[in-house]
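Geometric and topological summary
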Amino acid sequence: MNILDFAARKQAGEKISMATCYDYWSARILNASDLDTLLVGDSLAMVMHGFDSTVHATVDMMAMHTAAVRRGAPDKFVIGDMPFLSMRKGLQAAMDAVGALMQAGANCVKIEGVAGQADIMAHIVQSGVPVMGHLGLTPQSVEAFGGHKVQGRSQAAAAAILADARAAQDAGCFALVLECVPQQLAVQITDSLQIPTIGIGAGAGTDGQVLVLQDMLGMDAGFKPKFLRHYLQGQETVLGAVNRYHADVTTGRFPCAGEAYA
Ligand code: KIV
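We now turn to the structure provided with this report.

What counts, and at which threshold
The numbering scheme is per chain: residues are counted from 1 as the chain's sequence reads. Where local features are concerned, this predicted model is filtered to residues with pLDDT of at least 70; where side-chain atom pairs are given and counted, the filter is 80 or more; whole-chain, interface and lining totals use all residues. Hydrogen atoms and water are omitted, and side-chain values are computed over all heavy atoms in the structure. Note on conventions: DSSP H or I runs of at least 4 residues are helices, E runs of at least 2 residues are strands, and numbering of each starts at the N terminus. Throughout, radius of gyration means the C-alpha value; the globule benchmark is 2.2 Å times the number of residues raised to the power 0.38. Classification of residues uses two cut-offs on accessible area relative to the type maximum, computed with a 1.4 Å probe and protein chains only: under 20% is buried, over 50% is exposed, and between them is partly exposed. Contacts are assigned to residue pairs with any non-hydrogen atoms lying within 4.5 Å of each other. Note that accessible areas follow from Shrake-Rupley with a 1.4 Å probe, and for residues the cover is restricted to the protein chains shown. When charges are tallied, Lys and Arg are placed among the positive residues and Asp and Glu among the negative ones, while His and the ends of the chain are skipped. Taken as the charge centre is NZ of Lys, CZ of Arg, CG of Asp or CD of Glu, depending on the residue. Whether two aromatic rings pair depends on their centres lying within 6.5 Å, for rings of Phe, Tyr and Trp, where Trp uses its six-membered ring; planes under 30 degrees apart make the pair stacked, over 60 edge-to-face, and the rest tilted. A single heavy atom is enough: if one lies within 4 Å of a molecule or strand, its residue is considered near that molecule or strand. Side-chain atoms alone can form a polar contact between residues adjacent in sequence; in general such a contact is a pair of N or O atoms within 3.5 Å, and within protein one must be able to donate a hydrogen while the other accepts it. Residue polarity is assigned by list, with Asp, Glu, Lys and Arg as charged and Ala, Val, Leu, Ile, Met, Phe, Trp, Tyr, Cys and Pro as nonpolar; anything else, Gly included, falls into the polar class. Salt bridge criterion: a side-chain nitrogen from Lys or Arg within 4 Å of a carboxyl oxygen from Asp or Glu.

The secondary structure content of the chain amounts to 11 helices and eight strands. The C-alpha atoms of the chain give 20 Å as radius of gyration, which agrees with the globular expectation for 262 residues (18 Å, within 12%). Taken over the C-alpha atoms alone, the chain extends approximately 65 × 40 × 35 Å along its principal axes. Each of the 262 residues in the chain was classed as buried or not, and the buried ones make up 47%. By sequence separation, contacts in the chain at least 24 residues apart represent 55% of the contacts at least 6 residues apart. Element-wise, carbon and sulfur atoms account for 56% of the exposed surface of the chain, whose accessible area totals about 13,200 Å². Each charge class in the chain can be summarised by its mean position, and for the 18 positive and 24 negative side chains these summaries are 4 Å apart.

Laid out in structure tokens, this is it:
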């Protein structure tokens, strides 16, 4: 997968698969998978660091995780997420953040929102860095939204997201994530853009899908929003394995003779 393949896949009607990846050992596994692309999302602030929102991700944090993913997944197209406010402190700060993510090994950056920053997005594109947009429920704006809620339900809100989607395309974005919007709106946006849309909680009508890896693997059995499918009972599986290990250690069944040096 490279930047040119995104448009080609949309034209050919072939869906794009994406999952988040935040660390070296998962990256090694995903590098051997069929997945098209890996997102070092700022959701790592929640999933890997235990914060209650993505607001806590910093440029240093994103660059460190991006570098780890690049080392583990040398063959994959890696997307680095621009963290909270990194686009809102002026051009210099934005370009410093872009530089940090690209030098850490990202193939492109992903940016939440368009309003008030279309010119900086265009500058990044013109600098030779591909930009993926992100609209709908943009989690960095969780405080403005009053929580992680579906966006674009009213006619006015839907029209605003559609207008932003066109603005993202005009700014030079090569693809657009649509998060938690009604599926009809996702279809309308997908049909009206030349660039591919990648949905999460946006129905089947987008040009691709993205999920948080730990969510799809069921690492938190209790986290099951409507749009999520568990492909593994990860929490149960890991807990079972760790408890079997504990039982083996405490009963003297591990290690056995063959698991020791002569
Ligand atoms: O940070 C992230 O994981 C994301 C996806 C949910 C699209 O932005």
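Attention now moves to the packing of aromatic side chains. Tallying each qualifying case throughout the model produces four aromatic pairs. Measuring from centroid to centroid gives 4.9 Å for Phe6 and Phe174, while their planes differ by 75°, and the two rings are edge-to-face. In this pair, Phe6 sits in helix α1 (residues 3-12) while Phe174 sits in the loop between α8 (155-170) and β6 (175-179), placing the two residues 168 residues apart along the sequence. Given a relative accessible area of 0%, Phe6 falls into the buried group. Accessibility expressed as a relative area gives 11% for Phe174, which makes it buried. Summarising the aromatic geometry, the rings of Phe77 and Phe174 are spaced 6.2 Å apart at their centres and angled 70° between planes, so their arrangement reads as edge-to-face. You can see Phe77 sitting in strand β3 (residues 77-81) and its partner Phe174 sitting in the loop between α8 and β6, a full 97 residues away along the chain. Residue classification places Phe77 among the buried residues on the basis of a relative accessible area of 4%.

A word on the site of the ligand. In the vicinity of the ligand, the contacting residues are Thr20, Leu39, Gly41, Asp42, Ser43, Asp81, Lys110, His134, Val177, Glu179 and Ile200. A distance of 3.0 Å separates an oxygen atom of the ligand from a polar atom in the side chain of Asp42. In the model, an oxygen atom of the ligand is placed 2.5 Å from a nitrogen or oxygen of the Ser43 side chain. In isolation the ligand exposes 260 Å². Once the protein is present, 97% of that is buried. Broken down by class, the residue content of the shell around the ligand amounts to three nonpolar, four polar and four charged.

So, about the pattern of salt bridges. Evaluated as defined, the whole model comprises five salt bridges. Among the ionic pairs, Asp36 bridges to Arg9, the shortest N-O distance being 2.6 Å. Of this pair, Asp36 sits in the loop between α2 (24-31) and β2 (37-40) while Arg9 sits in helix α1, placing them 27 residues apart in sequence. One exposure class covers both Asp36 and Arg9, and it is buried. Its salt-bridge partner being Arg253, residue Asp248 comes within 2.9 Å of it at the nearest N-O pair.

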